[in-house]
Amino acid sequence: MTNRYAVVLAAGQGTRMKSKLYKVLHPIAGRPMVQHVIDQISSVNVDKVITIVGFGAEDVKKHIGAKSEFVLQEEQLGTGHAVLQAEALLKDKEGTTIVVCGDTPLITKETYQSLIDHHEKSGAKATILTAKAPNPFGYGRIIRNEANGVERIVEHKDANDKELLVDEINTGTYCFDNQALFQALKQVSNNNAQGEYYLPDVIEILQQQGEIVSAYITHNFDETLGINDRVALAEAEKIMKLRINERHMKNGVTIVDPEHTYIGPDVKIGADTIIHPGTILKGETVIEEEAEIGPYSELINCYVGKGTIVKQSVASDSKIGNHVKVGPYAHLRPESSIGNNGKIGNFVEIKKTDLKENSKVSHLSYIGDAHVGSNVNIGCGTITVNYDGKHKYVTTIEDDSFIGCNSNLIAPVTIGRGSYVAAGSTITKDVPEDSLSVARARQTNKEGYASKIKKQKKD
Ligand code: UD1
Ligand code: CA
């Protein structure tokens with residue numbers, strides 16, 4: 001089989017983004033755009049991936065990690081100059097070199113594969129991935145000769161009026177015979193509107209040497225969108241979102257309004273789960289079957305069990321068991337875990353707390369740094385007082401206990417198994433198991449006192 005090498009161009013600053021963040025690190029569906037490129041190109045069987053880095057090199061390397069080798073382009077003198085930086089690593093190699101831009105994150109592995117297959121079958125020295133653009137503004141145009149063969153690529157800024165009318169665009173993705181690529185690159189000059197060494201000039205050079213240059217037209221212009229500014233970024237986000245949502249729908253997930261549902265590329269969702277509008281699922285979130293999420297919920301790195309319902313709530317780095325009800329308006333902060341058949345109701349905040357199965361915190365409570373057993377009922381307005389301004393302390397509530405409404409549990413404290421805490425108590429000492437603890441002022445009723453006050457007011 002032919003050896004294959006991929007070169008990813010990611011050294012540019014991305015001036016048109018007007019951002020402190022380097023262009024290729026801008027996220028799409030929560031993942032830096034260059035990472036989408038690397039993920040797709042790595043899955044088409046390439047022997048080596050080389051990423052050309054420049055602006056933000058250290059950050060870009062950190063995001064991509066071990067999936068690529070890196071070469072520094074110290075000065076950004078153009079895409080041709082960028083590819084030339086890989087010469088030391090590639091010049092002795094025989095095979096196909098695929099060049100892709102770090103700012104075209106929507107191209108799929110299937111399209112890369114079709115381009116490579118087309119290239120290797122045709123025996124061309126260079127094959128350009130092209131597309132027909134409804135609005136070709138800004139892209140390099142494919143100039144064909146009378147026999148309809150590819151002759152050269154002209155950049156938008158260098159094009160004449162007639163060339164500007166061409167709607168076949170250069171997607172910035174190419175396959176080259178590796179040896180032909182590096183010999184042609186040496187002949188590229190920077191005599192053009194931008195004073196840059198253009199990679200597309202290699203096409204004309206090879207063509208004039210009598211080599212076969214070819215184009216593979218993809219009918220999927222959407223995939224080839226190049227992200228140069230934030231308008232294109234939003235467009236890419238939308239395309240990626242619909243693509244991800246479609247994948248889940250085809251796997252049996254109901255997404256009520258795919259235009260308003262935002263699911264990260266690594267999220268996993270079981271069949272017959274329903275995702276309502278305004279839901280955002282991020283990171284490594286896993287949702288089992290027959291769950292119902294949303295409307296308006298945000299889950300980051302969460303596990304959600306089978307048949308669980310999460311409404312209008314926010315949760316991060318937490319585990320929610322099977323058949324749990326969360327929300328509306330609940331907040332699960334990191335390191336929380338809710339056991340099967342539990343309930344976290346409205347205006348409840350849970351932090352670094354594990355609740356075992358069948359336990360309920362139904363309304364208006366703060367439970368932080370706590371261990372809660374099974375079959376525990378925590379009444380409305382209960383607060384674990386976990387912080388003294390310096391340190392955090394743990395509250396333990398053992399199985400089968402009942403915490404009355406509006407109780408303060410001053411940590412560190414343990415409520416023993418099967419105990420009751422009377423409503424309105426402020427618990428400062430451990431409660432032994434099977435006890436009733438009342439920690440509030442005793443009520444006194446002064447009979448007839450109300451009319452006495454009213455009379456005083458009249459006088
Ligand atoms: C480029 C192509 C254009 C094509 C379009 C497709 C050139 C000259 N033009 O234009 O024909 O239609 O992509 O999206 O190639 N980069 C470097 N080092 C540099 C310059 C750029 O690594 O010195 C990287 C950038 O980070 C970017 C990619 O190369 O990821 C493309 O550069 P960009 O400036 O965005 O080129 P376009 O003007 O979009
Ligand atoms: Ca671009």
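Rules used in this analysis
Residues numbered from 1 in each chain as written. Chains lettered and ligands numbered in written order. Predicted model: local features only at pLDDT ≥ 70, side-chain atom pairs only at ≥ 80, totals over all residues. Heavy atoms only, no water. Helix = DSSP H or I, 4+ residues; strand = E, 2+ residues; numbered from the N terminus. Rg over C-alpha atoms; globule rule 2.2 N^0.38 Å. Contact = heavy atoms within 4.5 Å. Lys, Arg positive; Asp, Glu negative; His and termini not counted. Charge placed at Lys NZ, Arg CZ, Asp CG, Glu CD. Near = heavy atom within 4 Å. Polar contact = N/O pair within 3.5 Å; in protein donor to acceptor, adjacent residues only side chain to side chain. Areas by Shrake-Rupley, 256 points an atom, 1.4 Å probe, with all protein chains shown as cover. Nonpolar A, V, L, I, M, F, W, Y, C, P; charged D, E, K, R; others polar. Pairing = 2+ DSSP bridges. Salt bridge = Lys/Arg side-chain N within 4 Å of Asp/Glu carboxyl O. Buried < 20%, exposed > 50% of the residue type's maximum accessible area, 1.4 Å probe, protein only. Right-handed = clockwise from strand over helix to strand, strands pointing away. Patch = residues over 30% accessible without salt bridge, like charges linked within 9 Å, V, L, I, M, F, W, Y side chains within 5 Å. Core = buried A, V, L, I, M, F, W, Y, C linked by side-chain atoms within 4.5 Å. Domains from an automatic or database assignment. Donors = N, O, S within 2.8 Å, 3.2 Å for Na, K, Ca; no water. Expected span 1.5 Å × (residues − 1).

Some words on the overall build of the protein chain
Thought 1: Across its full length, the protein chain holds ten helices and 39 strands.
Thought 2: By the compact-globule yardstick of 23 Å for 459 residues, the protein chain is too spread out, its C-alpha radius of gyration being 31 Å.
Thought 3: Projected onto the principal axes, the alpha-carbon positions of the protein chain cover approximately 110 × 55 × 45 Å.
Thought 4: Sequence separation of 24 or more characterises 39% of the internal contacts of the protein chain that already satisfy a separation of 6 or more.
Thought 5: Distance between charge centroids for the protein chain: 10 Å, based on 52 positive and 58 negative side chains.

Here we look at the site of ligand 1
Thought 1: Of all residues adjacent to ligand 1, which total 24 residues, the nearest are Gly12, Gln73, Thr79, Glu155 and Asn170.
Thought 2: The contact in question runs from an oxygen atom of ligand 1 to an N or O atom on the backbone of Asn170, over 2.6 Å.
Thought 3: Contact distances for ligand 1 include 3.4 Å between an oxygen atom and a side-chain N or O atom of Asn228.
Thought 4: Within the complex, the protein chains bury 91% of what would otherwise be the 760 Å² of accessible surface of ligand 1.
Thought 5: Those elements that place two or more of their residues in the shell around ligand 1 are strand S1 (4-10), helix H3 (79-84) and strand S10 (168-177).
Thought 6: Ranked by the residues each element gives to the shell around ligand 1, the list is headed by S10, at three residues.
Thought 7: Of the residues contributing to the shell around ligand 1, the split by class is nine nonpolar, eleven polar and four charged.

Observations regarding the sheet that holds strand S36 (residues 413-415)
Thought 1: Sheet architecture is open: nine strands sit in the order S14-S17-S20-S23-S26-S28-S30-S33-S36, paired in parallel fashion. The sheet is open, and its two borders are formed by strand S14 (268-269) and S36, each paired with just one other strand.
Thought 2: Here strand S26 (residues 337-338) pairs with strand S28 (residues 354-355) via two bridges, running parallel. The residue bridging Ser337 from the neighbouring strand is Asp354, located in S28.

Overview of the pattern of salt bridges
When the charged atoms of two side chains with opposite charge come close together, those side chains can pair.
Thought 1: This structure, assessed with the given rule, holds 17 salt bridges.
Thought 2: For Lys282, the salt bridge goes to Glu298, with nearest N and O atoms at 3.0 Å. A residue pair is termed long-range when its members are at least 10 positions apart, and Lys282 in strand S16 (residues 279-282) and Glu298 in strand S19 (residues 298-300) qualify at 16 residues.
Thought 3: Of the charged contacts in the structure, one is a salt bridge between Arg417 and Asp400, with a shortest N-O distance of 3.8 Å. Taken together, the residues Arg417 in the loop between S36 and strand S37 (420-421) and Asp400 in the loop between strand S33 (395-397) and strand S34 (402-403) connect sequence positions 17 residues apart.
Thought 4: For Asp400, a relative accessible area of 38% gives the class partly exposed.
Thought 5: One salt-bridge network, held together by shared partners, links Arg31, Asp39, Lys67 and Asp266.

Points about the pairing of strand S5 (residues 69-72)
Thought 1: Bridging between strand S4 (residues 48-53) and S5 involves four bridges; their strand directions are parallel. Bridge pairing in S5 places Val53 opposite Leu72.
Thought 2: The parallel pair S4 and S5 is bridged by helix H2 (residues 57-64), and the resulting crossover is right-handed.

Here we look at a nonpolar patch on the surface
Thought 1: Together, Phe402, Tyr420, Leu436 and Val438 give the surface a local cluster of nonpolar side chains, amounting to about 410 Å² of exposed area.
Thought 2: Residue position: Leu436 is located in strand S39 (residues 436-437).

Details of the nonpolar core
Thought 1: One finds Val34, Leu281, Ile293, Leu299, Ile344 and Ile350 to be the most contacted residues of the largest nonpolar core, which totals 81 residues.
Thought 2: Each of domain 1 (4-224) and domain 2 (252-437) accounts for three or more of the residues forming this core.
Thought 3: If near-sequence neighbours (up to four positions away) are discounted, Leu281 is found in contact with Tyr262, Ile263, Gly264, Val267, Ile269, Ile275, Ile287, Ile293 and Leu299.
Thought 4: Membership of the second largest hydrophobic core comes to 32 residues, among which are Ile50, Leu90, Ala184 and Val202.

Quick word on the coordination of the calcium ion (ligand 2)
Thought 1: With distances of 2.2 to 2.4 Å, the protein atoms coordinating the calcium ion (ligand 2) are Asp103 (OD) and Asn228 (OD1). You can see Asp103 sitting in the loop between strand S6 (96-101) and helix H5 (109-122) and its partner Asn228 sitting in the loop between strand S11 (213-218) and helix H9 (230-250), a full 125 residues away along the chain.

Describing the pairing of strand S9 (residues 150-154)
Where a strand is regular, its side chains alternate between the two sheet faces.
Thought 1: Pairing between strand S8 (residues 141-144) and S9: four bridges, direction antiparallel. Within S9, the position partnered with Arg141 by the bridge is Val154.
Thought 2: From the end of S8 to the start of S9, which pair antiparallel, there are five residues, and Asn148 there has a positive phi angle of about 70 degrees.

Focus on the side chain of Asp103
Thought 1: Take Asp103: its relative accessible area is 14%, and that puts it in the buried class.
Thought 2: A distance of 2.8 Å separates a polar atom in the side chain of Asp103 from a polar atom in the side chain of Lys23.
Thought 3: Those residues within four positions of Asp103 in sequence are excluded, and the remaining contacts are Lys23, Val24, Met33, Leu225, Gly226, Ile227 and Asn228.

With respect to the side chain of Thr111
Thought 1: In this structure, Thr111 sits in helix H5.
Thought 2: Leave out the neighbours within four places in its chain, and Thr111 touches Leu129, Thr218 and Glu223.

A look at the domain arrangement of the protein chain
Thought 1: Along its sequence, the protein chain is carved into domain 1 (4-224) and domain 2 (252-437).
Thought 2: Measuring from the centre of the C-alpha atoms in domain 1 to the corresponding centre in domain 2 gives 49 Å.

Structural notes on H9
Each turn of an α-helix holds 3.6 residues, which means side chains three or four residues apart point in the same direction.
Thought 1: Taking 1.5 Å per residue, 21 residues should reach 30 Å; H9 reaches 30 Å between its end C-alpha atoms and fits that length.
Thought 2: Among the residues making up H9, those that are buried are Ala232, Leu233, Ala236, Ile239, Met240, Lys241, Ile244, Asn245 and His248.
Thought 3: Structurally, H9 contributes buried residues whose contacts are with strand S2 (27-28), helix H1 (33-42), strand S12 (254-255), strand S13 (261-263) and S14.
Thought 4: Its side-chain oxygen at 3.2 Å from the backbone nitrogen of Val231, Asp229 defines the N-terminal cap of H9.
Thought 5: After H9 finishes, the residue Gly252 shows a positive phi value of roughly 100 degrees.

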